[in-house]
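The chain contents come next:
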Amino acid sequence: MSSDTLHAATPGIRRRSAMSGGSRIDRKRQRWGWFFVAPFALIFIGFLIVPLVYAFWMSLQTSTLATGTQFTWFANYVKAFTDPIFLEGLGRVAAFAFIMIPIQMLVALAAALVLDTLTSWLSKFSRLMIFVPYAIPVVIGALMWGFLYSPRFGPATDIFGLFGLAAPDFLAQSAIFGSLINIVTWQWSGYYMIIIYSALRGVDPSIYEAARIDGANGWQTATRIKVPMISSSMVMVLIFALIGTLQFFTEPQVLRSVAQGAIPVSYTPNMYAYTLAFSYSQFNYASAIAFSLGIIVFIGSYIFLFFTRKQSGLK
Amino acid sequence: MKFKILATAGVVAVAAAALTGCAPTADSGSSAGASCTNKIVNTEATQVSVWAWYPAFEEVVDLFNNTHDDVQICWTNAGQGNDEYTKFSTAIEAGSGAPDVIMLESEVLSSFTIRNALVDLAEFGAADVKGDYTEGAWSDVTSGDAVYAIPVDSGPMGMLYRKDIFDTYGIATPTTWDEFAAAAQQLKDAGSDGVLVNFPTNGRAFNQALFAQAGSVPFVYDSAKPTDIGIDVNDDGSKKVLSYWQELVDAGLVTTDDAFTADYNTSLVDGTYAVYLAAAWGPGYLQGLSDADSSAEWRVAPLPQWDAAAPVQVNWGGSTFAVTAQAKDKAAAAVVATDIFGSDEAWKIGIEKAALFPTYKSILESDYFAELEYPFFGGQQINKDVFLEAAAGYGGFTFSPFQNYAFDQLTEQQFAMVQGEKDASQALDDLQDSLVKYAGEQGFTVK
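In this text the structure is predicted, and so the values were computed from the model without any measurement.

Draft legend 1. Structural detail: the interface of chain B and chain A. Taken residue by residue, the interface counts 47 residues in chain B and 49 residues in chain A. Interface area, chain B with chain A, both sides summed: about 4300 Å², of which 66% is carbon and sulfur. There are one salt bridge connecting chain B and chain A. Residue assignment for the side of chain B that touches chain A shows that the elements contributing at least two residues are helix H1 (2–19), helix H3 (82–94), helix H10 (262–269), helix H17 (403–418) and helix H18 (424–441) of chain B. Looking at the side of chain B that touches chain A, the element that brings in the most residues is H1 of chain B, giving 13 residues. In the side of chain B that touches chain A, the residues fall into 21 nonpolar, 16 polar and ten charged.

Draft legend 2. Quick look at the nonpolar core. If you look at the biggest cluster of nonpolar residues, it comprises 137 residues, and the most contacted ones within it are Phe180, Trp245, Leu277 and Phe402 of chain B. The element that contributes the greatest number of residues to this core is helix H4 (residues 84–117) of chain A, accounting for 14 residues. Apart from the residues lying within four places of it in its own chain, the contact partners of tryptophan 245 of chain B are Trp177, Phe180, Val197, Phe199, Leu210, Val254 and Leu277 of chain B. If you look at the next biggest cluster of nonpolar residues, it comprises 84 residues, including Tyr273, Ala322, Ala334 and Trp347 of chain B.

Draft legend 3. Summary view of the state of the cysteines. Residues and elements named next belong to chain B. Within the structure shown, the criterion is met by one disulfide over all chains. The residue that forms a disulfide with cysteine 36 is cysteine 74, at a sulfur-sulfur distance of 2.1 Å. Measuring handedness by torsion sign, the sulfur bridge of cysteine 36 and cysteine 74 sits at about -105° and is left-handed. Here cysteine 74 lies in strand E2 (residues 71–76) and cysteine 36 lies in the loop between H1 and strand E1 (46–51), a separation of 38 residues in the sequence. What makes cysteine 36 partly exposed here is its relative accessible area of 27%.

Draft legend 4. Layout of the pairing of strand E10 (residues 298–302) of chain B. Residues and elements named next belong to chain B. For E10, the tally of buried residues reaches four of five residues, placing the bulk of the element in the interior. Pairing geometry for strand E6 (residues 150–162) and E10, over five bridges, is antiparallel. From the neighbouring strand, glycine 158 faces E10, where its bridge partner is proline 302.

Draft legend 5. Representation of the sheet that holds strand E8 (residues 228–231) of chain B within the structure. Residues and elements named next belong to chain B. On the basis of which strands lie adjacent, the open sheet formed by three strands has the order E7-E8-E12 and mixed pairing. The open sheet has two free edges, formed respectively by strand E7 (219–221) and strand E12 (445–446), since each of these has just one partner strand. Here E8 pairs with E12 via two bridges, running parallel. Across the sheet, residue aspartate 228 finds its bridge partner in E12, namely threonine 445.

Draft legend 6. Highlighting the UniProt feature "domain: ABC transmembrane type-1" (unreviewed entry) in chain A. According to UniProt, the positions carrying the feature "domain: ABC transmembrane type-1" (unreviewed entry) are residues 90–304 of chain A. Secondary structure over residues 90–304 of chain A splits into 76% helix and 0% strand, and the C-alpha atoms at its two ends are 17 Å apart.

Draft legend 7. Spatial organisation of the pattern of salt bridges. If you walk through the whole model with that rule in mind, you get 16 salt bridges over all chains. In this structure, lysine 437 of chain B engages glutamate 441 of chain B in a salt bridge whose closest nitrogen and oxygen atoms are separated by 3.4 Å. With a gap of four residues between them, lysine 437 of chain B and glutamate 441 of chain B both fall in helix H18, about one helical turn apart. Residue classification places lysine 437 of chain B among the exposed residues on the basis of a relative accessible area of 57%. The exposure class of glutamate 441 of chain B is partly exposed, given its relative accessible area of 38%. Several salt bridges share partner residues, and in doing so they unite Asp116, Arg201 and Lys226 of chain A into one network.

Conventions adopted
- Residues numbered from 1 in each chain as written.
- Chains lettered and ligands numbered in written order.
- Predicted model: local features only at pLDDT ≥ 70, side-chain atom pairs only at ≥ 80, totals over all residues.
- Heavy atoms only, no water.
- Contact = heavy atoms within 4.5 Å.
- Buried area = accessible area lost by both parts, 1.4 Å probe.
- Salt bridge = Lys/Arg side-chain N within 4 Å of Asp/Glu carboxyl O.
- Helix = DSSP H or I, 4+ residues; strand = E, 2+ residues; numbered from the N terminus.
- Nonpolar A, V, L, I, M, F, W, Y, C, P; charged D, E, K, R; others polar.
- Core = buried A, V, L, I, M, F, W, Y, C linked by side-chain atoms within 4.5 Å.
- Buried < 20%, exposed > 50% of the residue type's maximum accessible area, 1.4 Å probe, protein only.
- Disulfide = S-S within 2.5 Å.
- Pairing = 2+ DSSP bridges.
- UniProt positions renumbered as here; feature names shortened; annotations may be inferred.

Structure representation (structure tokens):
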């Protein structure tokens, strides 16, 4: 969406940098600039940069329960990328990404396109209702679904019972993958729908009019005009979903309390890092796992954005 | 430009999620400046901060503060079990933020002694109170001459059962595991909707106790030689026990719900399970649950035995008070750890309000405790009938210094077993392999 804002801003920056070091008024302005930035900068450095550097420094050491801590350079990273548990977790979140992201995108896009064509009070109401799950804290949402999936408290037992069938066990090992996808889709589709919807509202209506005059029907307008017009928003939603999925943590962690066997402690890389640090006291290796995952998220996002640079307007 | 910001945010969020706890904090948490849940009676005295989660603990704290002029307790509930351990573990890593005195279950003591997080209380005269406690409980908190904690309560195991369900289906109270299996079959044949009992794959210390009853000694570990460990989790006793349960599971005679979930709690009190294999704190746990059957009539019987002629008593759970290495005034902290449950008055609160089972001999051996009648069990004198004998027969148990890992692996293997992926013997062999491998990675010499 902001490709034009980006271009508009660039000359401004260039002009100011060309002038810097010039007049005294300008230097005074710069001082004030620092003054205004300082509160944020302090917090940014204190709570983000320092912990990150500290964590990275920790990840370069190896500590074992019996022999203490030693500086081992990148040994933990070598261990991480050959650790079958970590790699298995990565494979699992990759599988989640492949299945979950398209589903979320389709639901969000379909909802946004439908809402875009409606103009009654119903559209406002529906928009709110679709967005509501996002407003529920992730932990609460996961807890709620834990109860809905429960064979004892959940509605499935009653609904299937009406037809004389046994309800499936949503928390069983074979079903947990789908159950998690359902929770995440429920939670996030509304949010993505709002992003796509606002992009749709930003499209000049005269283009639709032209399409109508050319004889395009609703479906053709949607697929040939609307979707290509908002491709940069779609790419942004995709990258949000990709990063979120690779960092999958809260939902399986919460559901684990009711389905421990089906969700082992190393189900996703983030859960693995958390368990290593806080349950097994391996803070060093946990830092290495966290950074390794961060690197993968970075590379994954970079590659994705490189290949979609045309659609995203970021070239 | 934007993609860089987004991707960086990804890296940052990942690392921050796992590491927020590791950054050094300015707040010391110890003694001065800590906020207390309770009221300090004598503000001049040394304050000792305590983390504990016992129910009705506030009255015990008040009693201590009212009877001590020179030391005062400042109490915080930092969460139960793993929630508290996570915070403590982070504080150890950070080097600050731990309380002076902490409540720990005996199963995690060696996990913290190996990180030099606990003070040897023998230097503060803890050996003098040795005679006040049962032998089994004392052996759980000591290693050689070192005393790492003062035992408080223990969990001798018994069998809580629904007398009304047993009567309805004509089931006699089983005294051996063979009779227990027969009772499970009988209940199913009689057409009951429920099952005799649940076998949780995440039972952790519960499963470990059942193995111990058949002679399993999973770990040999002495904190005097912290780098040596013996691991034997796939012995014949453990295999016998797990195979026994596998047969019951395969025959559909027991359920395999996860323990301590909402489903499990409901099943405990609504008659789905006719038996609750429990520790002495089990009745307290049951009474805390809602939605109970109004017709429920609970009774207690001894835990079934493998050999009725040679009964073996086991323990599930049990808590202690330890002094942390970060304590500012270690002598004062040692006084708190030793004295807080070191009086009959404190114990009466613990027993009557918090359903604790004492390791403190003067109460344990008193007529008051033996003859206490429990309305929840229809007026049965459960201590005299079951738990006192169970407690007397318990000689102590050794856990590993990486017990959380060992329990997580046990859960995974048992789950694989009830899923039909492997049999009991294979599950325990795989558990043995994973623990030996882990111990090696952690720098232990495995014997």
